[in-house]
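Here is how the chains run, residue by residue.
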Amino acid sequence: MAAVCRVALVVAALGVQYSGQEIMFIADRLPLQGNKDHADVPWPLPARWRSNTSFPLLHETLSITSNVPGCDVIDNAAKRYRGIVGSLGKAAEPQQGGIGHVMIFVENATCEKFPHLKMDESYELTVFPSNVTINSRSAWGALRGLETFSQLVYEKGGMAYVKEWNIEDSPRFAHRGFMMDTARHFLPLKIIKLHLEAMAWSKLNVFHWHIVDAQSFPFVSRRFPELSDKGAFSPRHVYTPQDVAEVIEFARLRGIRVIPEFDTPGHAHSWGKGRPELLTPCWKDGRPGTADYGNHSEYENFDPTKETTFEFLGEFMAEVADVFPDQFLHVGMDEAHYMCWQSSPNITEFMIQKDFGPEGYSLLEGYYVSRAIDIISKTGKTLMLWQDPLDNGVVVNVSNIIQVWKDKDGRTAATHWEEYANNLTARGHNVVVSSCYYLNYISYGQDWRTYYRCDPHNFNGTQEQNNRILGGEACMWAEYVDGTNFLQRAWPRAAAVAERLWSPRDVTSDVDTAAFRLDVHRCRLLRRGVPAQPILPGFCGDYDFGLQSEITAKTTTSSSDNNNMASVNFFSQSQAVILIVLYTLWYIS
């Protein structure tokens, strides 16, 4: 696998030839467009860089040290990246010279414990003939610099090389996220961790964990264990406090924030399995808790008529705030479909008492949202919510972050996402854009290009409004995604979003040229263990043969198991025949 991702120097008319890698045309009458880059041009593209034609050799005694002793973020990264770089071709003997040392200098020798919205991820990386320096203002910048350095190393003639580089780099947006849904299908920790690795390798820095939804409640609460006891798919399909802590720590060491989402008042069916009093019973034919499928189920939304609903919410969210250290907490608030509330005479009576009027369900939604936000805000967290309540006329404090997900094209909204972003930022809200980054929507062809072209600043706002765009998030809803296909569907498409959110707009305008670098990055992900799907015809080193070996091993094991089972079945059948013969002889006698 050492030669997986090295770009050759020749562009063929019918494809671009790499050493151990090649992307090709869809049809021979449709040759590839754009300009190739060398294999060592990193993804996402740095803000500013220059390189020389000299090729320093990497030698086997490569060390990575820093001026921040005892900084676990840097120490852990140094160990990881020594392993990554060490797998790229044969290293030189010390007497051959070459690069033997990577030195990290962090300004003021500081080491922050947790990543945060305003963390400084900028760095300057310089590759000299004998050493590498990474200068940064924080440990998080050092992490990004190490990732870039690991992508500069390539294999040539079986040896590991890196050109002389000078890179000055910083992210365009502070919030560069991925939303994972673990409620519609449970995703095991192994998948989550490998996904976090791929995020770090692509310089994404926010893991938005949509951890529960109507289908299941896998989050194990110490304060309310009945929620997962009755709301999870099974006792095994849960995230224990230890599991959650493990994910947070794994992400922290990679400079990734973990923002949990606990969605109410809708998407709440699984909450009611453990705490049925939280939900409004839906009515049909004069009976509470009765479904009218197509309109509503038996239970859907939280019950806003009870004080105990808000008391519970305060206690539960206080626990969540203690478990997740990030300053942000996502409270959902999307798709509070009114049909169940409309069916309930209890809700109707409450609305009359509040003088909402018979059609004032948006006022009822606003009542719940305002009270819930007031209660949850007491945790001291900065709250994120989906755009829906504001679309329905609910007024929330401008301190709350709004995540825009609707779009006129594809999600039955009346307005394009650019107009939503324009209106919300004009009202003073900070915004995270997801509308054009829904990875769960798949189509034939190179849909990554659509994500790559979508820019969070593509609306006619002022500079002040642009400054209120914190960034964006790729979203993967899991109706049709589980551990068998999550990573393949997410990558490398999420990497297209990552470069759009990291790299300067003016140097990433050519989508055709980006395809060559994305293919290199896809092969890089494969080499590092992420089963990223292809973006074009071609091949990626010996990956296919490694996959064949895995399948062969599994097939051999399976065949052996089948043979053993056949032996067991034969033995059981023989026993049965003997028993029948003995019984027959006894009966005759």
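Residues numbered from 1 in each chain as written. Predicted model: local features only at pLDDT ≥ 70, side-chain atom pairs only at ≥ 80, totals over all residues. Heavy atoms only, no water.

(A) Spatial organisation of the packing of helix 1 (residues 72-86) against helix 2 (residues 139-152). Interhelical geometry of helix 1 versus helix 2 gives an angle of 5 degrees and a closest axis separation of 10 Å. As the angle between them shows, helix 1 and helix 2 are arranged roughly parallel. Contacts between helix 1 and helix 2 involve Val 73, Ile 74, Ala 77, Ala 78, Arg 80, Tyr 81, Ile 84 and Val 85 on the former and, on the latter, Ala 139, Trp 140, Ala 142, Leu 143, Leu 146, Glu 147, Phe 149 and Ser 150. Grouping the constituent residues of the contact of helix 1 with helix 2 by class yields 13 nonpolar, 1 polar and 2 charged. (Axes fitted to C-alpha atoms, helices over the stretch in contact; angles between N-to-C directions. Helix = DSSP H or I, 4+ residues; strand = E, 2+ residues; numbered from the N terminus. Parallel < 35°, antiparallel > 145°, perpendicular 65-115°, else oblique. Contact = heavy atoms within 4.5 Å. Nonpolar A, V, L, I, M, F, W, Y, C, P; charged D, E, K, R; others polar.)

(B) Representation of the sheet that holds strand 5 (residues 58-66). The strand order across the open sheet built from 6 strands is 4-11-7-8-6-5, with neighbouring strands paired in mixed fashion. With partners counted over all chains shown, the strands left at the sheet margins are strand 4 (48-51) and strand 5, one partner each. Sheet twist, expressed as the mean angle between neighbouring strand axes with direction ignored, is 10 degrees. Pairing of strand 7 (residues 123-127) with strand 8 (residues 131-136) involves 5 bridges; the strand directions are antiparallel. Residue Tyr 123 lies in a different strand from strand 8, and its bridge partner there is Ser 136. Of the strands in this sheet, strand 5, strand 6 (99-106), strand 7, strand 8 and strand 11 (165-169) are in contact with helix 2, which crosses strand 7 at around 35 degrees. (Pairing = 2+ DSSP bridges.)

(C) Representation of the environment of Phe 55 in the model. Examined against the element boundaries, Phe 55 turns out to sit in the loop between strand 4 and strand 5. Placed 109 residues apart in sequence, Phe 55 and Glu 164 show a C-alpha to C-alpha distance of 6.7 Å. In contact with Phe 55, not counting residues within four places along its chain, are Tyr 154, Tyr 161, Val 162 and Lys 163.

(D) Region of interest: the environment of Arg 236. Mapped onto the secondary structure, Arg 236 falls in the loop between helix 4 (226-231) and helix 5 (241-252). Separated by 50 residues in the primary sequence, Arg 236 and Phe 186 have C-alpha atoms spaced 9.9 Å apart.

(E) Here's a closer look at the nonpolar core. With 149 residues, the main nonpolar core has Phe 316 and Trp 491 as its most contacted residues. The dominant element in this core, judged by the number of residues it contributes, is helix 10 (residues 361-376), at 9 residues. Apart from residues lying up to four places away in sequence, Phe 316 is in contact with Phe 217, Phe 219, Ser 221, Phe 224, Leu 227, Phe 262 and Trp 271. (Core = buried A, V, L, I, M, F, W, Y, C linked by side-chain atoms within 4.5 Å. Buried < 20%, exposed > 50% of the residue type's maximum accessible area, 1.4 Å probe, protein only.)

(F) How the structure looks around the confidence of the model for the chain. Scored by pLDDT, the chain has a mean of 88; 87% of the residues are at 70 or more. Note on residues 1-19: pLDDT is under 50 here. Beyond four places in sequence and across chains, it has 67 contacts. Scored below 50 in pLDDT, residues 562-589 makes 0 contacts in the model with residues more than four places away or belonging to other chains. (pLDDT = per-residue confidence, 0-100.)

(G) The packing of aromatic side chains, seen in detail. On inspection of all chains with the given rule, the structure shows 32 aromatic pairs. Relative to Trp 477, the ring of Trp 386 lies with its centre 5.9 Å away and its plane at 45 degrees, an arrangement referred to as tilted. Pair noted here: Trp 386 is in strand 20 (residues 382-386) and Trp 477 is in the loop between strand 23 (469-476) and helix 15 (486-490), with a separation of 91 residues, a long-range link. Classification of Trp 477 by relative accessible area gives buried; the value is 10%. Its end group placed over the ring of Trp 502, Lys 203 keeps NZ or CZ at 5.7 Å from the ring centre. (Phe/Tyr/Trp six-rings, centres within 6.5 Å; stacked < 30°, edge-to-face > 60°. Lys NZ or Arg CZ within 6 Å of the ring centre and 35° of its normal.)

(H) Inspection of the packing of helix 7 (residues 307-323) against helix 10 at higher detail. Closest axis-to-axis distance for the helix 7/helix 10 pair is 9 Å, and the angle between their directions is 35 degrees. When you trace helix 7 past helix 10, the crossing you get is right-handed. Along the contact surface, helix 7 presents Glu 307, Thr 309, Phe 310, Leu 313, Gly 314 and Met 317, while helix 10 presents Tyr 367, Tyr 368, Arg 371, Ala 372, Ile 375 and Ile 376. Classifying every residue of the contact of helix 7 with helix 10 gives 8 nonpolar, 2 polar and 2 charged. (Left-handed = near helix turned anticlockwise from the far one by under 90°.)

(I) Region of the structure containing the state of the cysteines. Per the stated rule, a full pass over the model turns up 4 disulfides. There is a disulfide in this structure between Cys 71 and Cys 111, and the S-S distance comes to 2.1 Å. Note on the Cys 71 and Cys 111 pair: the S-S dihedral is about 70 degrees, so by sign convention the disulfide is right-handed. Of this pair, Cys 71 sits in the loop between strand 5 and helix 1 while Cys 111 sits in the loop between strand 6 and strand 7, placing them 40 residues apart in sequence. Its relative accessible area of 34% is what places Cys 111 among the partly exposed residues. With a sulfur-sulfur separation of 2.0 Å, Cys 282 is cross-linked through a disulfide to Cys 340. Judged by the sign of its S-S torsion, about -100 degrees, the bond between Cys 282 and Cys 340 is left-handed. Highlighted residues: Cys 282 in the loop between strand 15 (279-281) and strand 16 (283-284) and Cys 340 in helix 8 (residues 339-343), separated in sequence by 58 residues. A residue is classified by how much of its surface remains accessible, and Cys 282, at 0% relative accessible area, is buried. (Disulfide = S-S within 2.5 Å.)

(J) Up close: helix 7. Taking 1.5 Å of rise per residue, the 17 residues of helix 7 would be expected to cover 24 Å, and the 25 Å separating its terminal C-alpha atoms lies within 8% of that figure. Looking only at helix 7, the buried set comprises Thr 309, Phe 310, Phe 312, Leu 313, Phe 316, Met 317, Glu 319, Val 320 and Ala 321. Where helix 7 is buried, its residues meet helix 4, strand 14 (257-264), helix 6 (269-274), strand 18 (299-302), strand 19 (328-332) and helix 10. (Expected span 1.5 Å × (residues − 1).)

(K) Seen up close, the pattern of salt bridges. Scanning the model with the defined rule gives 26 salt bridges in all. Note that Glu 479 and Arg 184 form a salt bridge whose closest N and O atoms lie 3.4 Å from each other. Remark: Arg 184 occurs in the loop between strand 12 (175-181) and helix 3 (189-201) and Glu 479 occurs in the loop between strand 23 and helix 15; sequence separation between them is 295 residues. What makes Glu 479 partly exposed here is its relative accessible area of 39%. You can call Arg 184 buried: its relative accessible area is 11%. Linking Glu 226 and Arg 275 is a salt bridge whose minimum nitrogen-to-oxygen distance equals 3.1 Å. Residue Glu 226 is located in helix 4, and its partner Arg 275 is located in the loop between helix 6 and strand 15; the two are separated by 49 residues in the primary sequence. Under the relative-accessibility criterion, Glu 226 is labelled partly exposed at 22%. A single network of salt bridges, built from pairs that share partners, joins Asp 181, Arg 184, Asp 213 and Glu 479. (Salt bridge = Lys/Arg side-chain N within 4 Å of Asp/Glu carboxyl O.)

(L) Quick look at the environment of His 521. If you trace the backbone, His 521 turns up in helix 17 (residues 511-527). Spatially, the C-alpha atoms of His 521 and Trp 491 are 9.9 Å apart, while their sequence positions differ by 30 residues. Those residues in contact with His 521, other than ones at most four positions away along the chain, are Trp 43, Gln 151, Trp 201, Ser 202 and Ala 495.

(M) Up close: the sheet that holds strand 12. Reading around the circumference, 12-13-14-19-20-21-22-23 is the order of the 8 strands in this closed barrel, with parallel pairing throughout. Neighbour-to-neighbour, the strand axes of the sheet open up by a mean angle of 30 degrees, direction not taken into account. Taken together, the 3 bridges between strand 21 (residues 401-404) and strand 22 (residues 431-433) define a ladder with parallel strand orientation. Within strand 22, the residue paired with Ile 402 across the bridge is Val 431. Against the sheet, helix 3 touches strand 12 and strand 13 (206-210), its axis set at about 150 degrees to strand 13.

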